[in-house]
Structure formats: structure tokens, C-alpha cells
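# Examining the three-dimensional arrangement
Chain by chain, the residues:
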Amino acid sequence: MTVTITVHGGAEEIGSSKILVEDKGHDVKFFLDFGKNFEAMRQYYDFPVQPGSLEELLRIEATPDLPGLYHLPESKEQPKTDVDAVLLTHAHTDHCGYIPLLNRSIKMYMGECTRRVFEARIEGSRKRFDTNIEGLEIETFKTGKTFKVGGVEVQPVHVDHSIPGAYGFVIHLSEGILVYTGDFRRHGTRPQLTQDFIDAIQQAGPPDIVLSEGTNIGKAELTKEAEVRRQIEATIKKCRGLAIVDFSEVDFDRFRTMHGVAKATNRELVIEPRRMWMLDTLNKCSELSTPSITKDTTIRRYAPEKKRLSSYEKLLSESKPPLKDYEGRGVKPAELRANPRRYLLATSFGNISLLQRVKPTSGIYLLSASEPFNEESEISFDKLLNWLTLSGLAMYTAHCSGHVDPLGLRQTLEEMKPKSIYPIHTENPRLFKRFLEPSGLSIVIPKQGVPFKL
Ligand SMILES: [Zn+2]
Ligand SMILES: [Zn+2]
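Calculation criteria
Residues numbered from 1 in each chain as written. Chains lettered and ligands numbered in written order. Predicted model: local features only at pLDDT ≥ 70, side-chain atom pairs only at ≥ 80, totals over all residues. Helix = DSSP H or I, 4+ residues; strand = E, 2+ residues; numbered from the N terminus. Contact = placed C-beta atoms within 7 Å. Domains from an automatic or database assignment. Nonpolar A, V, L, I, M, F, W, Y, C, P; charged D, E, K, R; others polar. Pairing = 2+ DSSP bridges. Axes fitted to C-alpha atoms, helices over the stretch in contact; angles between N-to-C directions. Core = buried A, V, L, I, M, F, W, Y, C linked by C-beta atoms within 7 Å. Buried ≥ 20, exposed ≤ 12 C-beta atoms within 10 Å, placed from the backbone. Arc of directions from axis to C-beta. Right-handed = clockwise from strand over helix to strand, strands pointing away. Left-handed = near helix turned anticlockwise from the far one by under 90°.

### Considering the overall build of the chain
- Broken down by element type, the chain carries 14 helices and 20 strands.
- Overall, the chain is about 70 × 55 × 40 Å in size when its C-alpha atoms are taken along their principal axes.
- Taking all contacts inside the chain whose residues are at least 6 apart in sequence as the whole, residues at least 24 apart take part in 73%.

Shown next, in the form of C-alpha cells:
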């Protein structure tokens with residue numbers, strides 16, 4: 001048993017991805033992703049109650065208890081750990097959310113854009129035990145360019161997903177090839193990225209194991225981004241009140257869609273400071289052609305009247321170089337209430353404080369994200385529905401998923417030609433197995449915390 005793999009998060013669940021790879025031949029040990037466990041958060045907490053400490057997260061088994069794995073901020077020296085690195089696929093919180101907890105002698109590898117998003121989020125977060133990244137060593141990689149972790153060669157290759165800068169990995173271990181898909185899709189705006197990943201796998205030779213995501217195996221939506229745009233535009237044209245759109249602040253394809261919809265429906269796009277900060281961050285990612293918020297003064301800023309600035313408002317007002325005309329672009333809740341037809345108000349994760357402040361009287365609420373909020377959100381869907389009733393807002397949904405559909409998954413795995421496939425990041429690994437085995441694919445369902453051989 002020279003190479004063993006242990007799924008510490010992501011077996012029979014969506015997100016919480018944490019997969020430990022140990023290669024004794026190369027004397028190296030690393031995690032693939034180290035994500036936040038939203039299921040445990042939902043079981044034990046309700047806003048504003050949050051986990052109080054690392055000990056508590058270990059107690060509720062939100063994250064694995066391995067010797068020396070975690071950072072001890074109160075002691076000067078890091079505990080001894082045999083984990084060398086974490087290879088991060090992308091900046092969704094269910095893949096990177098627990099990285100701040102880790103021992104500082106563990107090195108982080110991530111794409112450039114992922115690093116920007118990861119750090120921008122931390123900068124805007126309240127200072128807590130799980131948002132401190134002081135002393136964390138981060139090295140960035142580029143698509144196709146191999147890097148080494150000990151003697152292990154890792155080739156990161158971009159994939160299309162609902163966040164920019166997402167990667168899959170082709171990993172050359174002492175005894176064979178391991179492929180980790182991360183999260184990916186083939187029906188998005190840039191299918192070529194995923195095709196490049198598959199091409200790289202074919203060039204490397206058949207993988208011994210593919211760790212494959214299976215989010216949509218039980219239920220897939222077929223809508224493409226262009227269709228989402230068409231549906232939303234047609235709906236908002238008919239709306240006579242306020243139109244609120246709820247979508248992930250790091251889904252850049254969706255931002256482009258909403259930006260286009262606002263122009264086509266003669267509404268001004270109003271975004272929250274947190275989204276503005278993330279967009280400003282993404283604007284700095286070299287590979288993206290983004291509507292630049294620093295230049296585009298038609299994008300307005302939601303500006304509630306408050307005594308204190310939020311952390312994101314502070315970051316924006318102090319931004320260097322300053323965001324052009326940032327101060328002049330504010331729209332107050334009273335203005336949104338007085339002239340609702342003029343605006344397209346963007347929010348994320350069912351932001352209830354926005355509904356409390358704006359107090360809309362009628363209109364539509366267009367949820368354009370994966371329901372029911374499983375990857376990045378902690379707020380309860382039921383509470384959002386109650387607030388929508390109170391506000392006279394009718395709910396619509398329109399979304400293009402960040403994840404591959406079942407037949408697209410079958411095609412992908414057939415093209416990769418692996419010896420065996422381990423489904424992760426899915427609530428339904430049994431269906432994954434039954435659906436794909438008739439195609440001659442060999443599927444093994446991993447158990448949480450139980451190691452298996454390459
Ligand atoms: Zn995910
Ligand atoms: Zn993701």
C-alpha cells in the first residue's frame with residue numbers, strides 16, 4: 001500500500017471537500033481541497049450563532065481530527081504534522097473554507113484568480129478564528145504548468161465552473177495516475193476549458209483512479225446561460241415593481257448576464273458593497289474580460305443609511321487606485337422604494353437585511369442560484385420565503401448549473417478511460433454507480449474516513 005486516499009469530507013455529501021492523498025513512495029502527504037462543512041453548520045447553528053472555536057468544529061465532526069493538522073494561534077511554534085500541502089481546485093467555500101484553520105507549515109497551492117478571491121473574502125470577513133490567514137504560505141499555479149509537491153508531479157488544468165479560475169488535477173503518484181475533477185460542467189459558457197482538461201488526461205494516459213464530482217446525478221437542469229439571460233430579460237420587462245435578482249457574487253457569467261439584462265430592460269443595476277468588492281477583485285484576474293466596475297459608472301452601489309460602514313464599504317472607500325466615482329454611485333433604500341421600476345437590485349444568499357431596509361411593496365424576486373443554497377450559503381430558504389410574502393415579491397427561478405449533467409458526466413468519464421471511479425461531492429453515490437456501470441465504467445463508493453489504495 002504505497003499510495004492511499006482517504007475522503008475526509010465529500011463522501012455522500014455535496015461540498016465539505018477534503019481528500020487526503022498519501023504517497024509513501026515519494027514520502028509525501030497532501031489534501032485535495034479543504035472545504036467548509038455546510039451540513040454541520042446547518043445542524044448546529046442558526047444565524048447569528050457561529051462556531052466558537054476549532055475545538056468545537058472538531059467536536060461536531062465538521063472537520064477531521066488528525067495530529068498536528070491545525071494552526072494553534074496562541075502557541076509560537078506550529079505543531080508537528082506530516083501533511084505537506086493542500087491543492088485547491090477553486091474558491092467556492094465548500095472547497096476552501098477551512099483552510100484558515102490549518103497548520104502554517106502546510107503549503108497551499110492554488111490558481112492566481114482563486115488566490116485573489118480567497119484573500120478578498122478573508123479581507124472583508126469579520127476577524128475570527130476561522131478567518132485568520134496570517135502566516136499562511138500560498139504558491140500559485142497556472143493551467144497546464146506542472147508543479148511538484150515532494151516527488152509528486154501535479155498538472156492543474158482549467159475547467160468550466162460557476163466561478164472563474166476553477167481547475168482539475170492530473171496527479172502523477174509513485175504508483176500511477178490520480179485525477180481529481182474538482183467541480184466542473186460542459187454546458188457553460190466556456191466548455192473548451194473542460195475539454196482541455198480531458199485532453200490533458202488522455203495525453204497523460206489512462207488514470208488509475210478518477211475522483212469525480214457527481215452533484216447533479218439525481219437532478220439536472222438543462223438551461224444554458226444564454227437561455228437564462230433570455231428568460232430573465234423577458235420576465236423583468238413585464239415587471240412593474242422592483243426586480244431583485246439573487247445570484248452568487250463570484251459567478252461571473254451570471255454577472256455578465258445581469259449586466260446585459262439591466263441594459264436591455266432600461267434599469268440601473270444596483271449591487272451591494274460585498275459584490276462590488278468581489279468584482280473589483282475579479283477585474284484584476286488577467287484571464288477574464290469583465291465589465292470593469294471601476295470604469296462602468298452605470299453600475300450603482302446599494303447604500304443603506306447606517307451609522308457605521310460595513311467592512312466591504314470600508315475596503316471600497318479606501319481602495320487604491322480609488323474606484324472611480326464610487327461615492328457618487330450610491331442608491332439609498334428610500335430611492336429604491338420610491339422608484340422601483342428604475343432598478344435591478346442584485347443580492348446574494350437571500351439577504352434578509354436588504355428586504356428589511358428596502359421594504360419593497362411589490363415586484364419580483366428572481367433566484368438565480370443553486371437552490372436550496374447548498375454550496376455557499378447558511379440562510380434558511382423558508383425564512384426567505386416568509387420575507388418575500390411580507391414584501392409582496394413573487395419568486396422566480398432561472399439558473400444554469402455549475403455542474404455537469406448525468407449524460408455529460410458519462411461522456412466525460414468514458415473519455416477519461418479510468419480503471420476506477422470514486423464518486424464524491426454527491427448526495428447520491430448509489431445512483432452514480434447504477435447509472436454509469438452499464439457503460440462498462442467501474443465505480444467504487446468511498447466511505448468517509450476509510451482509506452483505499454490507488
Ligand atoms: Zn463544490
Ligand atoms: Zn464549486
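### What about the domain arrangement of the chain?
- Split into domains, the chain comes out as domain 1 (3–219 + 403–453) and domain 2 (225–397).
- For domain 1 and domain 2, the distance between their C-alpha centres works out to 30 Å.
- In this complex, domain 1 contributes 23 residues to the contact, which on the side of domain 2 involves 23 residues.
- For the side of domain 1 that touches domain 2, the secondary structure elements donating two or more residues are helix 1 (38–44), helix 3 (93–96) and helix 4 (112–124).
- Of the residues forming the side of domain 1 that touches domain 2, the biggest block, seven residues, is contributed by helix 4.
- The residue inventory of the side of domain 1 that touches domain 2, partitioned by class, reads ten nonpolar, eight polar and five charged.

### A short note on the sheet that holds strand 7 (residues 147–149)
- Taken in spatial order, the six strands line up as 7-8-9-10-11-19 in an open sheet, and their pairing is mixed. Two strands lie at the open edges of the sheet, namely strand 7 and strand 19 (420–424), each paired on one side alone. Each strand of the sheet is rotated relative to its neighbour by a mean of 25 degrees, with strand direction disregarded.
- Across three bridges, the pairing between strand 10 (residues 176–180) and strand 11 (residues 209–213) is parallel.

### Let's talk about the sheet that holds strand 6 (residues 137–141)
- One open sheet holds the seven strands; their spatial order is 6-5-4-3-2-1-20, and the pairing between them is mixed. Each edge of the open sheet carries a strand with a single partner, namely strand 6 and strand 20 (452–453).
- Where strand 5 (residues 107–111) and strand 6 come together, five bridges link them in parallel fashion. Across the sheet, residue Met 110 finds its bridge partner in strand 6, namely Thr 140.
- On top of the sheet, helix 4 reaches strand 5 and strand 6; it is set at about 110 degrees to strand 5, its chief contact.

### Thoughts on the nonpolar core
- Grouped together as the largest cluster of nonpolar side chains are 115 residues, with contacts concentrated most on Val 86 and Leu 344.
- Of the residues that make up this core, three or more belong to each of domain 1 (3–219 + 403–453) and domain 2 (225–397).
- Contact partners of Leu 344, with chain neighbours within four places excluded, come to Ile 236, Ala 243, Val 245, Met 258, Val 261, Ala 262, Thr 265, Arg 267, Leu 269 and Val 270.

### As for the pairing of strand 1 (residues 3–9)
- The buried count for strand 1 comes to five of seven residues, which makes it a mostly enclosed element.
- By the bridge criterion, six bridges tie strand 1 to strand 2 (residues 18–23) in an arrangement that is antiparallel. Bridging across to strand 2, Thr 4 finds its partner in Glu 22.
- Looking at chain direction, strand 1 and strand 20 are connected through two bridges and run antiparallel. Residue pairing for strand 20: Thr 4 is matched across the bridge by Lys 453.

### Description of helix 13 (residues 406–416)
- Turning to helix 13, its buried residues number three or more, namely Leu 409, Thr 412, Leu 413 and Met 416. Down the axis, helix 13 shows its buried residues gathered within 95 degrees of arc, on one side only. In helix 13, the exposed positions that point more than 90 degrees away from the buried face belong to Leu 407 and Glu 415.
- Taken together, the buried residues of helix 13 touch strand 10, helix 5 (191–204), strand 11, strand 19 and helix 14 (429–436).
- Phi for Lys 417, located one or two positions after helix 13, is positive at around 50 degrees.

### Here's the deal with the pairing of strand 11
- The element strand 11 is largely enclosed, with a buried count of five among its five residues.
- The alternating pattern of strand 11 places Ile 209, Leu 211 and Glu 213 on one face and Val 210 and Ser 212 on the opposite face, and all of these are buried.
- For the crossover from strand 10 across helix 5 to strand 11, the handedness is right-handed.
- Of the pairings in the sheet, the one linking strand 11 to strand 19 comprises five bridges and is parallel in character. Bridged to Ile 209 within strand 19 is Ser 420.

### A word on the environment of Thr 298
- Positionally, Thr 298 belongs in the loop between helix 8 (273–283) and strand 14 (300–302).
- Along the chain, Thr 298 and Lys 127 lie 171 residues apart, while their C-alpha atoms are 33 Å from each other.

### As for unusual backbone geometry
- Of note, Glu 12 is a non-glycine position whose phi angle comes to about 55 degrees, a positive value.
- Along the chain, Glu 12 falls in the loop between strand 1 and strand 2.
- We note that Lys 417 has phi near 50 degrees; this positive angle belongs to a residue other than glycine.
- Looking at where Lys 417 falls in the secondary structure, it is placed in the loop between helix 13 and strand 19.

### Concerning the packing of helix 6 (residues 225–238) against helix 7 (residues 252–264)
- Relative to each other, helix 6 and helix 7 sit at 35 degrees, their axes nearing to 10 Å. Pair helix 6 / helix 7 crosses with right-handed handedness. Residues Glu 225, Val 228, Arg 229, Ile 232, Glu 233 and Ile 236 of helix 6 touch helix 7, and the partners they reach there are Asp 253, Thr 257, Gly 260, Val 261 and Ala 264.
- For the contact of helix 6 with helix 7, the residue count by class is five nonpolar, two polar and four charged.

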